[in-house]
Amino acid sequence: MTDTAPTGKLTIETHGRREALALAGTICDLYEAVFSLPPFDGNAAEFANQRSYFPRLVDRPGFRLTTARSGAEFVGFGYGHLLPADTRWWSALADPVGEEFAAETGSRTFVVIDYGVLPDWRGAGIGHRIHDELLSGSGAERATLSVQPKAVRTREVYRRWGWRKVSEKLMDPPIPAPVFEILVLEEMPEAR
């Protein structure tokens, strides 16, 4: 692993439904490459689960996929969707949030489902560029995501970018981890 990404022109792109489906294999391979490493140490069940749910996510309202590419090589990704008004995202939290905080309209909150950058490309701001592009075009007022507590470095990055922890949630089933921290970003990035 290097601290500086390889040089070359980097392209950050956001893809619609059709392109996201066409890129499903690539995105799932990237997910596995990122989340098979420490501290995540993903396993075959987790990767099969992600390969199963990714194609279904593209039909969710407000779905967005943002990628980073150097030439023909994809080196990072992030995707998510708008939380629907009837979401259960804010339920069953260790520390419940207020009714007003949890109220969703179908366009209030963008949830980042998965996000990652290949190890050799980290440390050059690529992840931040994916993050900002993904969120700035979502049209949402705020964003949320979940992160494994053991991902200390990842949590530090999110904190530097303005995310804050609001609670924890037990996962059922506990794939890829039994507990996740629930984070919120209340000041969305502006388009670059």
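Attention here is on the structure that accompanies the text. Computed from a predicted structure; not experimentally measured.

**Looking at empty space enclosed by the protein**
It is the rolling of a water-molecule-sized probe over the atoms that shows where space remains empty.
Link 1 in the chain: One pass over the structure, following the stated rule, counts one cavity of 30 Å³ or more.
Link 2 in the chain: Its boundaries defined by the atoms lining it, the largest cavity holds a volume of some 40 Å³.
Link 3 in the chain: In this structure, the largest cavity is lined by V112, Y115, H131, L134, L135, L145, Y158 and W163.
Link 4 in the chain: Those elements that place two or more of their residues in the lining of the largest cavity are β4 (109-117) and α5 (126-136).
Link 5 in the chain: At three residues, α5 tops the list of elements feeding residues into the lining of the largest cavity.
Link 6 in the chain: Its residues assigned to classes, the lining of the largest cavity comprises seven nonpolar, one polar and no charged.

**A closer look at the environment of H81**
Link 1 in the chain: Mapped onto the fold, H81 is located in strand β3 (residues 73-82).
Link 2 in the chain: With relative accessibility at 3%, the residue H81 sits in the buried group.
Link 3 in the chain: When the C-alpha positions of H81 and E133 are compared, they lie 14 Å apart, and in sequence the two are 52 residues distant.
Link 4 in the chain: In this structure, H81 is in contact with L57, R60, P61, G62, F63, T109, F110, V111 and I113, ignoring residues within four places of it in sequence.
Link 5 in the chain: Among the polar contacts made by the side chain of H81, one reaches the side chain of R60 at a distance of 3.2 Å.

**Topic: the packing of helix α2 (residues 24-35) against helix α3 (residues 44-57)**
Link 1 in the chain: α3 packs onto α2 with a crossing angle of 150 degrees between their chain directions and a minimal axis gap of 10 Å. With respect to their mutual orientation, α2 and α3 come out roughly antiparallel. The handedness of the crossing between α2 and α3 comes out as right-handed. Where α2 approaches α3, its residues A24, G25, I27, C28, D29, Y31, E32 and F35 are matched on the opposing element by E46, F47, Q50, R51, Y53 and F54.
Link 2 in the chain: Per-class residue counts for the contact of α2 with α3 are eight nonpolar, two polar and four charged.

**Here we look at the pairing of β3**
Link 1 in the chain: By the criterion of burial, β3 is predominantly enclosed, with nine of the ten residues buried.
Link 2 in the chain: Between strand β2 (residues 64-70) and β3, which pair antiparallel in sequence order, lie two residues; one of them, G71, sits at a positive phi of approximately 65 degrees.
Link 3 in the chain: Direction of pairing for β3 relative to β4: antiparallel, over a ladder of seven bridges. In the sheet register, F77 faces β4, and the bridge partner there is G116.

**What to know about α5**
Link 1 in the chain: Looking only at α5, the buried set comprises I126, G127, I130, H131, D132, L134 and L135.
Link 2 in the chain: In this structure, the buried residues of α5 make contact with β1 (10-15), β2, β3, β4, β5 (142-147) and β7 (179-185).

**Re the packing of aromatic side chains**
Link 1 in the chain: Scanning the model with the defined rule gives 13 aromatic pairs in all.
Link 2 in the chain: On the numbers, 4.8 Å between centres and 75 degrees between planes, the contact of F54 with Y79 is edge-to-face. Of this pair, F54 sits in helix α3 while Y79 sits in strand β3, placing them 25 residues apart in sequence.
Link 3 in the chain: F54 gets classed as buried once you look at its relative accessible area, which sits at 0%.
Link 4 in the chain: Here Y79 falls in the buried class, since its relative accessible area comes to 0%.
Link 5 in the chain: Cluster of aromatic residues (ring-pair linked, three or more members): Y31, F35, F40 and F47.
Link 6 in the chain: Between the NZ or CZ atom of R142 and the centre of the ring of F101, over which it lies, the distance is 4.5 Å.

**Things to note about the sheet that holds β2**
Link 1 in the chain: Spatially, seven strands are ordered β1-β2-β3-β4-β5-β7-β6 in an open sheet, and the strand pairing comes out mixed. In this open sheet, the two edge strands, each paired with only one partner strand, are β1 and β6 (164-170). The average undirected angle you get between the axes of adjacent strands in this sheet is 25 degrees.
Link 2 in the chain: When β4 meets β5, the two strands line up parallel, connected through four bridges. Paired with V112 across the two strands is L145, which belongs to β5.
Link 3 in the chain: Along the sheet, α5 contacts β1, β2, β3, β4, β5 and β7; its crossing angle with β4, the most-contacted strand, is approximately 155 degrees.

Calculation rules
Residues numbered from 1 in each chain as written. Predicted model: local features only at pLDDT ≥ 70, side-chain atom pairs only at ≥ 80, totals over all residues. Heavy atoms only, no water. 1 Å grid on protein atoms, 1.4 Å probe; cavity = no way out; pocket = protein on both sides within 12 Å on 5 of 7 lines; lining within 4 Å. Points joined across faces, edges and corners; volume = space filled by probe spheres on them. Helix = DSSP H or I, 4+ residues; strand = E, 2+ residues; numbered from the N terminus. Nonpolar A, V, L, I, M, F, W, Y, C, P; charged D, E, K, R; others polar. Buried < 20%, exposed > 50% of the residue type's maximum accessible area, 1.4 Å probe, protein only. Contact = heavy atoms within 4.5 Å. Polar contact = N/O pair within 3.5 Å; in protein donor to acceptor, adjacent residues only side chain to side chain. Axes fitted to C-alpha atoms, helices over the stretch in contact; angles between N-to-C directions. Parallel < 35°, antiparallel > 145°, perpendicular 65-115°, else oblique. Left-handed = near helix turned anticlockwise from the far one by under 90°. Pairing = 2+ DSSP bridges. Phe/Tyr/Trp six-rings, centres within 6.5 Å; stacked < 30°, edge-to-face > 60°. Lys NZ or Arg CZ within 6 Å of the ring centre and 35° of its normal.

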